[in-house]
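Commentary on secondary and tertiary structure
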Amino acid sequence: MLKVGVVGVQGAVSEHIEATKRAMGQMGISGKVFWLKKPEQLEEVDAIIIPGGESTTISRLMIKNGLFEGVKKLGEGGTPIMGTCAGLIMLSKEVIGATPEQRFLELLDVEVNRNAYGRQVDSFEAPLKLAFSGEPFVGVFIRAPRIVKLLSSRVKPIAWLGDRIVGVEQENIIGLEFHPELTDDTRLHEYFLRKAL
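None of the values given here were measured: they were computed from a predicted structure.

Tracing the sequence through the fold places serine 133 in strand β8 (residues 133-141). Taking C-alpha positions, serine 133 is 30 Å from lysine 72, a pair spaced 61 residues apart along the chain.

This is the structure in structure tokens:
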């Protein structure tokens with residue numbers, strides 16, 4: 001029984017919960033997917049998703065709710081964590097455009113530009129290439145951050161928009177600029193869940 005917690009302080013939480021349930025169904029595995037809001041819930045997770053939203057708010061509320069240090073410790077210990085959009089920002093070692101009070105989990109050796117794609121009106125969809133699948137994946141980019149630099153050889157690209165890297169993994173950590181939970185395609189959620197099996 002796989003237990004997946006979606007950090008439920010702000011952002012596209014319910015969409016990730018539904019996408020993860022669909023992925024489990026596709027894989028034929030049983031599991032529980034829940035809103036992760038309290039530090040005591042961290043004791044029962046096999047994997048964690050940090051959704052998109054507003055990274056300043058997510059950072060502040062994760063600290064306020066007592067989740068920040070626990071999630072960081074689990075990530076350092078090998079628990080699979082996937083961050084999408086603002087979740088990618090939260091995972092990153094270096095962030096361009098961060099506000100002074102923001103704290104980051106610093107689990108992923110990348111530098112990201114926080115608001116690289118501009119405002120909400122600059123959101124778009126585009127076909128992406130995945131490292132583990134031949135079929136294109138529709139990437140939904142909403143005020144997305146941009147991966148500007150890989151900071152170590154431990155980071156491996158897993159998704160590209162043209163020749164530009166938009167998704168990476170580093171052992172147990174996955175960071176995506178885009179929102180896979182806003183499509184019906186569960187391949188990225190399945191890829192993530194395999195890390196917890």
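To continue, consider the environment of proline 157. When you line up the elements, proline 157 lands in strand β10 (residues 156-161). Accessibility expressed as a relative area gives 26% for proline 157, which makes it partly exposed. Separated by 26 residues in the primary sequence, proline 157 and alanine 131 place their C-alpha atoms 7.5 Å from one another. Each residue touching proline 157, except ones within four places of it in the same chain, is listed here: Ala131, Leu150, Ile165, Gly167 and Val168.

If you walk through the whole model with that rule in mind, you get four aromatic pairs. Consider the rings of phenylalanine 132 and tyrosine 191, whose centres lie 4.0 Å apart with planes at 5°: the pair is stacked. Placement of the pair is phenylalanine 132 in the loop between β7 (124-130) and β8 and tyrosine 191 in helix α5 (residues 187-194), with a sequence separation of 59 residues. You can call phenylalanine 132 partly exposed: its relative accessible area is 29%. With centroids separated by 5.7 Å and ring planes inclined at 50°, the aromatic side chains of phenylalanine 141 and phenylalanine 178 adopt a geometry described as tilted. One end of the pair, phenylalanine 141, is in strand β8; the other, phenylalanine 178, is in the loop between β12 (173-176) and α5, with 37 residues separating them in the sequence. By relative accessible area, phenylalanine 141 is classed as buried at 1%. On the basis of relative accessible area, phenylalanine 178 is assigned to the buried category, the value being 0%. Through a chain of ring-to-ring contacts, the aromatic side chains of Phe124, Phe137, Phe141 and Phe178 assemble into a single cluster. For the cation-ring pair, lysine 32 lies above phenylalanine 34, with the distance from its terminal atom to the ring centre recorded as 5.2 Å. Taking the ring centre of tryptophan 160 as reference, the NZ or CZ of lysine 129 above it sits at 4.9 Å.

Going through the model one piece at a time under the given rule, you end up with eleven salt bridges. For glutamate 44, the salt bridge goes to lysine 32, with nearest N and O atoms at 3.4 Å. Residue glutamate 44 is located in the loop between β2 (31-36) and β3 (47-50), and its partner lysine 32 is located in strand β2; the two are separated by twelve residues in the primary sequence. With a relative accessible area of 35%, lysine 32 lands in the partly exposed category. Residues arginine 154 and glutamate 171 are paired through a salt bridge, measuring 3.0 Å at the closest nitrogen-oxygen approach. Residue arginine 154 is found in the loop between β9 (146-150) and β10, and its partner glutamate 171 is found in the loop between β11 (164-170) and β12; the two are separated by 17 residues along the sequence. Each of the salt bridges in this network shares a partner with another, and the network as a whole consists of Lys93, Asp109, Arg154 and Glu171.

Core analysis: the biggest nonpolar cluster contains 31 residues, and Ile48, Ile50, Met62 and Leu105 have the highest contact counts within it. Only β2, β3, α2 (55-64), α3 (68-76), α4 (86-91) and β6 (108-113) provide two or more residues apiece to this core. Looking at this core, the element that brings in the most residues is α4, giving five residues. Among residues more than four places away in sequence, those in contact with isoleucine 50 are Val7, Ile58, Ile81, Met82, Gly83, Thr84, Gly87, Met90, Leu91 and Leu105.

The next subject is helix α1 (residues 13-27). Along its 15 residues, α1 runs 21 Å from first to last C-alpha, staying within 8% of the 21 Å computed at 1.5 Å per residue. Val13, His16, Ile17, Ala19, Thr20, Ala23 and Met24 are the residues of α1 that are buried. The buried residues of α1 occupy an angular sector of 170° when projected down its axis, which confines them to one face. Seen from the open side of α1, the exposed residues pointing more than 90 degrees away from its buried face are Gly25 and Gln26. Lining the buried residues of α1 we find β1 (2-7), β2, β3, β4 (81-84) and α5.

Conventions and cut-offs
Residues take numbers from 1 onward in each chain, read along the sequence in its written order. Note on the predicted model: pLDDT of at least 70 is required for a residue's local features to be given, and 80 or more for side-chain atom pairs to be given and counted; whole-chain, interface and lining totals, by contrast, use all residues. Side-chain measures were taken over the full set of non-hydrogen atoms in the model, leaving aside hydrogen atoms and water. Secondary structure elements are defined from DSSP: runs of H or I of at least 4 residues count as helices, runs of E of at least 2 residues count as strands, and each element is numbered from the N terminus. When a residue's accessible area, from a 1.4 Å probe over protein chains only, is under 20% of the maximum for its type it is buried; when over 50% it is exposed; and in between it is partly exposed. Contact criterion: two residues are considered in contact whenever any of their non-hydrogen atoms come within 4.5 Å of each other. Paired rings are identified among Phe, Tyr and Trp, the last through its six-membered ring, by centres lying within 6.5 Å, and are further divided according to the angle between planes into stacked (under 30 degrees), edge-to-face (over 60) and tilted (the rest). Both a distance and an angle decide whether a charge sits over a ring: NZ of Lys or CZ of Arg must be within 6 Å of the ring centre and within 35 degrees of the ring normal. Any carboxyl oxygen of Asp or Glu that lies within 4 Å of a side-chain nitrogen of Lys or Arg is treated as forming a salt bridge with it. Buried Ala, Val, Leu, Ile, Met, Phe, Trp, Tyr and Cys residues that are joined via side-chain atoms within 4.5 Å together make up what is termed a nonpolar core. Here, expected helix span is obtained from the residue count minus one, scaled by 1.5 Å. Here, the arc refers to the directions that run from the helix axis to the C-beta atoms.

Such coordinate-based values are descriptive only and should not be taken to indicate function.
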